[in-house]
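Geometric and topological summary
Chain by chain, the residues run as shown.
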Amino acid sequence: MKVIIKKTTDEMSLAGAKIFAELICKKPNCILGLATGGTPVGLYKELIKMHKQDGLDFSKVTTFNLDEYLGLDGDHDQSYRYFMNDNLFNHVNIKKENTYVLNGVAADPQLFCDGYEMLIKAIGGIDLQLLGIGGNGHIAFNEPGSPRSSRTRIVDLTPETIAANSDGRFFSDPKDVPTQALSMGMATILDAKEILLIANKESKADAIVKTVEGPATEDVPASLLQAHSNTTVIIDEAAAAKLTKEYA
Ligand code: F6R
């Protein structure tokens, strides 16, 4: 794992966006894995700026999102499809038909998940996967205990994750947060050719030290990234506060 510590959240976002922009320039038809949540918003803003100011071209890019709430339609303002349209897709020249987000209202959700896996494989796999991290070390909605071999599937959300997503940033009442989601699995994520995990704020410091310096264990899903050969972690100083070793 390559660990890069930036002074601020803005610097973290810019450094992450540059990695995406470099790949898009080098391989215009690249396959990107994308995340939602608060952490990547700044990175998406930088990509939008690069598109508007420097002509960064998304016309041949394909994207796959990590997860979606079970039971939410893409028009629901808390769905991850809505989030992606709002925070990135509506502002760049990506073709909507090349943006894949799991369907939270699929008639047969598991069949939909199996098809998602097949599509990712058929298209040649994800070139660069963006990840945020939960305070309990989850990546996508792979909560602690998620098997290393897991693939896209229906998952239960922990009370901790439900609380984190109803702290006023997204849902305002925990009762409104769906209790299940569709999520890429750990094996799906680890298949990506390159992975970029970003994290900011003190609330992520525990999860980051366990991810980077702790043992690789399914109890801290992100720590399984230690076994991936091309993973970069970019964090701000607050999220790096508990690291004990020296990093760039
Ligand atoms: C979202 C996702 C989640 C978030 C994580 C952190 O697609 O996969 O794992 O990355 O819950 O969320 P924020 O960024 O809101 O702290």
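Rules used in this analysis
- Residue indices follow the written sequence of each chain, beginning from 1 at its first position.
- For a predicted model such as this one, the threshold for reporting local features is a pLDDT of at least 70, and the threshold for listing and counting side-chain atom pairs is 80 or more; totals across whole chains, interfaces and linings nevertheless cover every residue.
- Hydrogens and water molecules were not included; the side-chain quantities draw on all heavy atoms of the structure.
- In these notes, residues near a molecule or strand are those with any non-hydrogen atom within 4 Å of it.
- In the analysis that follows, any N or O atom pair within 3.5 Å is treated as a polar contact, provided that within protein one partner can donate a hydrogen and the other can accept it, and provided that, for residues neighboring in sequence, both atoms belong to side chains.
- Methods summary: accessible areas were calculated by the Shrake-Rupley approach with a probe of 1.4 Å, and residue burial reflects only the protein chains presented.
- Gly is placed with the polar residues, together with every amino acid not listed as nonpolar (Ala, Val, Leu, Ile, Met, Phe, Trp, Tyr, Cys and Pro) or charged (Asp, Glu, Lys and Arg).
- Residues belong to a common nonpolar core when they are buried Ala, Val, Leu, Ile, Met, Phe, Trp, Tyr or Cys residues joined through side-chain atoms within 4.5 Å.
- Residue exposure (1.4 Å probe, protein chains only): buried if accessible area is under 20% of the type maximum, exposed if over 50%, otherwise partly exposed.
- Numbered from the N terminus, helices here are DSSP runs of H or I no shorter than four residues, and strands are runs of E no shorter than two.
- By definition in these notes, contact holds between two residues if any of their heavy atoms fall within 4.5 Å.
- In a helix, the anticipated span is given by 1.5 Å times the number of residues less one.
- In this scheme Phe, Tyr and Trp rings, the latter by its six-membered ring, pair at centre separations within 6.5 Å, and the angle between planes marks the pair as stacked below 30 degrees, edge-to-face above 60, and tilted otherwise.

Looking now at the site of the ligand. As a matter of local geometry, the ligand sits amid 16 residues, with Thr39, Asp67, His138, Ala140 and Lys204 nearest to it. For the ligand, an oxygen atom lies 2.8 Å from a polar atom in the side chain of Thr36. A distance of 2.6 Å separates an oxygen atom of the ligand from a polar side-chain atom of Lys204. About the coverage of the ligand: the protein hides 94% of its 410 Å² of free accessible area. Taken together, the residues that form the shell around the ligand break down as 6 nonpolar, 7 polar and 3 charged.

Among the nonpolar cores identified, the biggest contains 66 residues, and Leu47 and Leu197 are the most heavily contacted of them. The leading source of residues in this core is helix α1 (residues 9–26), at 7 residues. Excluding residues that lie within four positions of it along the chain, Leu197 makes contacts with Leu131, Gly132, Ile133, Ile139, Ile208, Ala222, Leu225, Thr232, Val233 and Ile234. In terms of nonpolar packing, the next biggest core, distinct from the first, is built from 10 residues, Tyr69, Phe141, Val155 and Phe171 among them.

In a regular helix each residue adds 1.5 Å, so 14 residues correspond to 20 Å; helix α2 (residues 41–54) covers 19 Å between its end C-alpha atoms and thus fits that length. Positive phi shows up at Gly55, right after α2, with a value of about 75°.

Take unusual backbone geometry next. A positive phi angle, near 50°, is found at Ala140, a position not held by glycine. Note that Ala140 resides in the loop between β6 (128–131) and β7 (153–156). One non-glycine residue, Lys201, adopts positive backbone phi at about 75°. By secondary structure assignment, the location of Lys201 is in the loop between β9 (194–199) and α7 (205–213). Here Lys201 falls in the partly exposed class, since its relative accessible area comes to 48%.

Next up on the list: the packing of aromatic side chains. What describes a pair of aromatic rings is the distance from one ring centre to the other and the angle between the planes of the rings. Under the definition given, this model contains 7 aromatic pairs. Here the aromatic rings of Tyr69 and Tyr80 are separated by 4.9 Å at their centres, their planes lie at 50°, and the arrangement is tilted. Of this pair, Tyr69 sits in strand β4 (residues 67–69) while Tyr80 is found in helix α3 (residues 80–87), placing the two residues 11 residues apart along the sequence. No difference in accessibility class separates Tyr69 from Tyr80, as the two residues are buried. When the ring of Tyr69 is compared with that of Phe141, the centres are 5.7 Å apart and the planes differ by 45°; the resulting orientation is tilted. Taken together, the positions of Tyr69 in strand β4 and Phe141 in the loop between β6 and β7 put the pair 72 residues apart, joining distant regions of the chain. Given a relative accessible area of 2%, Tyr69 falls into the buried group. Connected via pairs of aromatic rings, a cluster forms that spans Phe64, Tyr100, Phe112 and Tyr116.

Shape is all these values report; function is a separate question.
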